[in-house]
Amino acid sequence: MVAIESAPVSAMQDTSSAELLSELNSKANRPNYWKWTAAGGLLALWYVFSTGPEWITLVSAAVLVALTIYIAVRDTVAKTSVLFYELDSANESAFEALHEAFHTLASCRKAWRIDAQATVHDRKYHAGAGSVVRRKDAQFGKGLPPMLKSNLEVPYVKSGSTSLYYMPDRVLVYSPAGVGAVSYKDLEVSGQSRQFIEDGAVPGDAEVVGHTWRYVNKNGGPDRRFKNNRQLPVALYEELAFQSTSGLNELYQLSKHSLTARVRTEVRRMSSLLPA
């Protein structure tokens, strides 16, 4: 299997994003002081409980809970960034169109991120497929990145610990290592409809274009040497890739097909409105 993965998010930034990324990453790395408060308070509470009267223990517990909640709220405020957008008519129209394109992606019954793929050398044992993939569930939707407040909801795609948020001016890439950014001018969208031999359940909105066998002969018929050689559906899915020269490399599979062109058109439209 050849892994399909993006470069470290630290490489994904341009000059216009440097200040924002510095703020987002520094706030993300800020400690949660409420945890220290809770841990130290529990130790103190245990000491009071073992040495003092019951009423002091109850008062101390109430104070500890109140103090922990107060510091947790302070931590949340300190770790949250605010982005406020004022869009002119052209940018507002383009961003709405991008939302609509991603709404089409989100309407798919099923979406996956392809983590790795490999070429098949003996198709007989892989239902006649020329390649195999390793994939995990993905989710398209709209919302905001963690610890970020804004006056606009944005399209996103999440899979595992990696999330892409399509802001009006850039794409923010969230991973366990931090936050990166990709300009729309650097974002490449590609993809195509592709037949996929489905070994699991076929989503309800997928188009089944044929069938094959788990173990197949060269003529397409079942290999009778194998017991329980079940028939498998061939579905027409869409593969959608987001890439950039800074290292973004995300490949998704969707249960509907013929979706790439609209997304690519709207991303290019967003790029055309950015300053040169």
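In this report, we go over the structure that sits alongside the text. (Residues numbered from 1 in each chain as written. Predicted model: local features only at pLDDT ≥ 70, side-chain atom pairs only at ≥ 80, totals over all residues. Heavy atoms only, no water.)

With that settled, consider the sheet that holds strand 5 (residues 139-143). Pairing in this open sheet of five strands is antiparallel, and the strands run 5-7-8-9-10 from one edge to the other. Because the sheet does not close on itself, it has two edges, and the strands there are strand 5 and strand 10 (178-182). Along the sheet, successive strands turn relative to each other by an average axial angle of 25 degrees, direction set aside. With four bridges connecting them, strand 7 (residues 154-159) and strand 8 (residues 162-166) associate as antiparallel partners. Residue pairing for strand 8: Val-157 is matched across the bridge by Leu-164. Lying over the sheet, helix 1 (residues 18-28) contacts strand 9 (171-175) and strand 10, oriented at roughly 160 degrees with respect to strand 10. Of the strands in this sheet, strand 5, strand 7 and strand 8 touch helix 4 (residues 89-106), which is tilted by about 35 degrees from strand 7. (Pairing = 2+ DSSP bridges. Helix = DSSP H or I, 4+ residues; strand = E, 2+ residues; numbered from the N terminus. Axes fitted to C-alpha atoms, helices over the stretch in contact; angles between N-to-C directions. Contact = heavy atoms within 4.5 Å.)

According to the stated counting rule, one finds 11 aromatic pairs in the structure shown. Between the aromatic rings of Tyr-33 and Trp-36, the centroid separation amounts to 5.2 Å while the plane-to-plane angle is 90 degrees, which identifies the pairing as edge-to-face. Of this pair, Tyr-33 and Trp-36 both sit in helix 2 (residues 33-51), three residues apart, which is roughly one turn of the helix. Tyr-33 gets classed as partly exposed once you look at its relative accessible area, which sits at 33%. Summarising the aromatic geometry, the rings of Phe-102 and Phe-242 are spaced 6.3 Å apart at their centres and angled 15 degrees between planes, so their arrangement reads as stacked. (Phe/Tyr/Trp six-rings, centres within 6.5 Å; stacked < 30°, edge-to-face > 60°. Buried < 20%, exposed > 50% of the residue type's maximum accessible area, 1.4 Å probe, protein only.)

Glancing now at the pattern of salt bridges. Tallied over the full model, the rule gives 11 salt bridges. A salt bridge links Glu-100 to Arg-262; the shortest N-O distance between them is 3.5 Å. With Glu-100 in helix 4 and Arg-262 in helix 5 (residues 260-272), this residue pair connects regions lying 162 residues apart in the sequence. We note a salt bridge from Asp-199 to Arg-230, for which the minimum N-O separation is 2.6 Å. Note that Asp-199 is positioned in the loop between strand 11 (187-197) and strand 12 (207-213) and Arg-230 in the loop between strand 12 and strand 13 (231-244), a separation of 31 residues in sequence. The class for Asp-199 is partly exposed, based on a relative accessible area of 45%. Arg-230 gets classed as partly exposed once you look at its relative accessible area, which sits at 43%. (Salt bridge = Lys/Arg side-chain N within 4 Å of Asp/Glu carboxyl O.)

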